[in-house]
Amino acid sequence: MNKLTGLFFGVFLLFGVSWLAFAAYPYITFAGLQRTKDEATGALAPPGNPGTADQGARVYAANGCFYCHSQFVRDKNAGSDIDRKWGKRRTVARDYMFDRQVFLGTSRLGADLTNVGDRQTDPQWFYRLLYNPPAVSPESVMPAYRWLFETRAIQGQLSADAVKLEGKDAPPPGYEVVPTAEGKALVDYLLSLKKNYPLPEAPEATE
Amino acid sequence: MMKQAAISEREIQRGPATELGGLSAVDRSIRVPVLIFFASGVFWLIVASAFWLLASSQMHKPTTWWAFPGVAWLSFGRSYPVFLNCFVYGWAACAGIGAGIWLLARFCHVPLRSSLFPILAGVTWNIGLAVGVLSILAGATAGFQLLELPSYAAFILFLGLLMVGLWAVTMFWNRKPGPTYISQWYILGAFLWFSWIYATANILLTFAGAPGPAQPAINWWYVGSLLDLWLTPIALGIAYYLIPKLVQRPVYSYRLALFGFWSLALFGGWTGMTQLMGGPLPAWMITASIVAKVLMLLPVLAVAANYHLTIKGSFEELRWNPVVRFIVIGSMAYTAYAVEGSLISFRSIGQITQFTLITVGHNQLGLFGFYSMILFGAYYYIVPRLVGRQWLSQAMVMAHFWFCVVGIGLLFFDLTIGGSIQGFALQDPQIPMAAVSDLIQPFLIVQNVAVLLLVVANLIFAAAFALIFLISAPVKYRGAAVESSAEATNKIGSEVSVA
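Residues numbered from 1 in each chain as written. Chains lettered and ligands numbered in written order. Predicted model: local features only at pLDDT ≥ 70, side-chain atom pairs only at ≥ 80, totals over all residues. Heavy atoms only, no water.

Visitor: Describe in detail the overall build of chain A, supporting the description with residues and values.
Guide: Regarding its fold elements, chain A presents six helices and four strands. Order of helices (α) and strands (β) in chain A, N terminus to C terminus: α-β-β-α-α-α-α-β-β-α. Scaling as 2.2 N^0.38, a compact globule of 207 residues should have a C-alpha radius of gyration of about 17 Å, whereas chain A reaches 22 Å, well beyond that. Taken over the C-alpha atoms alone, chain A extends approximately 80 × 55 × 30 Å along its principal axes. Split into buried and exposed, the 207 residues of chain A put 52% on the buried side. Pairs at least 24 apart in sequence give 68% of the contacts found in chain A among residues at least 6 apart. Here chain A has roughly 10,000 Å² of accessible surface; of this, 55% comes from carbon and sulfur atoms. When the 23 basic and 22 acidic side-chain charges of chain A are each reduced to a single mean position, those positions are 4 Å apart. (Helix = DSSP H or I, 4+ residues; strand = E, 2+ residues; numbered from the N terminus. Rg over C-alpha atoms; globule rule 2.2 N^0.38 Å. Buried < 20%, exposed > 50% of the residue type's maximum accessible area, 1.4 Å probe, protein only. Contact = heavy atoms within 4.5 Å. Areas by Shrake-Rupley, 256 points an atom, 1.4 Å probe, with all protein chains shown as cover. Lys, Arg positive; Asp, Glu negative; His and termini not counted. Charge placed at Lys NZ, Arg CZ, Asp CG, Glu CD.)

Next comes the structure, spelled out in structure tokens:
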């Protein structure tokens, strides 16, 4: 009996410290994060996410985007992220306070997406990429996400969000390729990815 | 001859050797649950293999027909997590639970009164995982790495874990009085830690809706602990049993073994954050993980030294014993894995290797080179004792061994070299991402070949496992397969079949 009690205590006590530090501590402290207010402009940072972001994040997760794309910018002395123009400053905990789910990611087979909504502001760019990645970036090993689109007959006018496709990808005459609700949500989410506001704890990197 | 070793003494006390055909009372009582877990492990290993091959093909050529472009549920973003989940929660966990409960029953020397509980646990586990895997394929992932199973599936899995964990604790509680052995500690510790981390991570992340910035910390605390406090102690517990058993000598130093256990318990929970170097977490968290990764060398070296000194002098005689081969290669991979792990967690090296194929290769070295190799060894040792038959063909076992060694060797070196190139290229902002993709393309193709070798290895293993149930080995081979080499070289035939 003693052995079992000793084992239990030892195992739980030793391991419990890491549980406190890495699970309980962040759970409690990060729940108390507050926004900052810019004295000059009165703007709040971070500004918060558009209402559709959560829905798009579900699509992002369902299709496993985070297995190849990261969503955090390291400081200038900790990697080339800022030199690669993936962000003007490192990201900190507060940047993620409004995200229902955070996808930091641990692989960069693709580019970092922390500020992709800042780099690319045209939804069409995202649609064309998702429909056929090599059309936008010839060397890309990104798979195509055709199931986020549907090809349908044009009803009267061409839909506003019809994807502008060329060459082999172009739909037959009289048809158009439009994103599904999921496709739209995903692109809205990607467009919302911009952590480009200033935060006092993460000043912009200087040369 | 075997003085201090609790293990050998107690095994000898268990009375006269039985023939391989006749099972000991303990083995007979634990037979069905262990075989259920073992068979589930093999089944999931094959499912994992299929998705592994698919995912590694998709990585270098996403547009060909065999990458199934346009099929949502077979796309890389789903095939990859399905592979990982089948591998970790299907193969690794089922094999580990099977071997773990076999070891516990054996050491506690109590035949089970009823095997209903662990059998039910096995069924529950399989249902939970099947539901979870189908959900991932359908796009209903929970979206956290290695915690992709949605909450309902995770809950079923946890019920299964709880059943088998409670059963293990009860068994230990009711054991025959006498000294305990280090393997029991490892296995029991693994069950306790895994139940804890699995419950905590799932509750905090999905039910209690952890705040965004806390999620990565919890996620990677879980992943680090999963590798270091669930898979590792199971494999070490098995090796601590099999190595002394096969060389017929007690463990070199029991103190060293205890030191290894407690230092693992102390540092094992701290290692996960190195994945998030430079990430949006307080710096002390990452620093603590780096320190823990380096200190993890203590338990690793303690284990390595202990195995080495136990086996020293006998290795030449035993090198043809397949069980020894798998265990020795697995243990060596463990040392390599830990040394590499501490190297790539230094900030100066980590900032280059982080995000690259090196981390993939590193994880494969741990999951396949270390853990799976030891578990293969355990299968080769345990299954004949439960089925009462020899492995059908030694050639098959050897083929399995060589496909594993060449496959994992190729995979590791390929990903390490490719990952280094990728890391240095990523570090240079002048090289555009498309060019980085181009640079690693050949390495992704070689990865596909290496994965193919490992898939062949897994298929051979599955075939051998199926055949032992179907065909009784011809008499002339009996004793020529797995068992016999140990038997012949040790000239203690009786001891081998008791073991």
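Visitor: Report on the side chain of Thr 180 of chain B, specifying residues and quantitative values.
Guide: As for its position among the elements, Thr 180 of chain B is in the loop between helix H5 (151–173) and helix H6 (182–207). Within the structure, the side chain of Thr 180 of chain B is placed 3.0 Å from the side chain of Trp 185 of chain B, a separation counted as a polar contact. (Polar contact = N/O pair within 3.5 Å; in protein donor to acceptor, adjacent residues only side chain to side chain.)

Visitor: Describe in detail the packing of helix H4 (residues 123–131) of chain A against helix H6 (residues 181–191) of chain A, supporting the description with residues and values.
Guide: Residue and element names in this part refer to chain A. Across the interface, H4 lies against H6 with an axial gap of 10 Å and an inter-helix angle of 125 degrees. Between H4 and H6, the angle is such that the two are oblique. Crossing of H4 against H6: the hand is right-handed. Residues Pro 123, Phe 126, Tyr 127 and Leu 130 of H4 touch H6, and the partners they reach there are Gly 183, Lys 184, Leu 186, Val 187, Leu 190 and Leu 191. When grouped by side-chain class, the residues that make up the contact of H4 with H6 number eight nonpolar, one polar and one charged. (Axes fitted to C-alpha atoms, helices over the stretch in contact; angles between N-to-C directions. Parallel < 35°, antiparallel > 145°, perpendicular 65-115°, else oblique. Left-handed = near helix turned anticlockwise from the far one by under 90°. Nonpolar A, V, L, I, M, F, W, Y, C, P; charged D, E, K, R; others polar.)

Visitor: Please give an account of unusual backbone geometry that cites residues and values.
Guide: The omega angle of the peptide bond from Ala 45 of chain A to Pro 46 of chain A is -5 degrees, so this bond is cis rather than trans. Within the fold, Pro 46 of chain A resides in the loop between strand S2 (44–45) and helix H2 (53–62). With a phi close to 60 degrees, Gln 248 of chain B is a non-glycine residue in the positive phi region. Residue placement: Gln 248 of chain B occurs in the loop between helix H7 (214–247) and helix H8 (254–267).

Visitor: Give a detailed account of the environment of Phe 43 of chain B, specifying residues and quantitative values.
Guide: The topology assignment puts Phe 43 of chain B in helix H2 (residues 25–60). Between the C-alpha atoms of Phe 43 of chain B and Leu 467 of chain B, which are 424 residues apart in sequence, the distance is 14 Å.

Visitor: Lay out the pattern of salt bridges with the relevant residues and their values.
Guide: Residues and elements named next belong to chain A. According to the stated counting rule, one finds 11 salt bridges over all chains in the structure shown. For Arg 100, the salt bridge is made with Asp 54, and the minimal N-O distance between the two is 3.3 Å. Residue Arg 100 is found in the loop between H2 and helix H3 (116–119), and its partner Asp 54 is found in helix H2; the two are separated by 46 residues along the sequence. (Salt bridge = Lys/Arg side-chain N within 4 Å of Asp/Glu carboxyl O.)

Visitor: Got a sec to walk through H8 of chain B? Specific residues and values, please.
Guide: Residue pairs spaced three or four apart in an α-helix point in one direction, given the helix's 3.6 residues per turn. Residue and element names in this part refer to chain B. The terminal C-alpha atoms of H8, which comprises 14 residues, lie 20 Å apart, in line with the 20 Å expected from a rise of 1.5 Å per residue. The set of residues buried in H8 consists of Ala 257, Gly 260, Phe 261, Ser 263, Leu 264, Ala 265 and Phe 267. Its side-chain oxygen placed 3.4 Å from the backbone nitrogen of Arg 255, Ser 253 serves as the N-cap of H8. (Expected span 1.5 Å × (residues − 1).)

Visitor: If you had to explain the interface of chain B and chain A to someone new, which residues and values would you point to?
Guide: Taken residue by residue, the interface counts 85 residues in chain B and 68 residues in chain A. Interface area for chain B against chain A, summed over the two sides, is near 6,600 Å², with a carbon-plus-sulfur share of 71%. Area buried by chain B at its contact with chain A is led by Trp 196, Pro 280 and Phe 355 of chain B, which between them contribute 12% of it. Counting across the interface, chain B meets chain A through zero salt bridges. At the junction of chain B and chain A, the tally comes to 23 residue pairs in polar contact (both at pLDDT 80 or more). Its residues placed into classes, the side of chain B that touches chain A shows 55 nonpolar, 25 polar and five charged. (Buried area = accessible area lost by both parts, 1.4 Å probe.)

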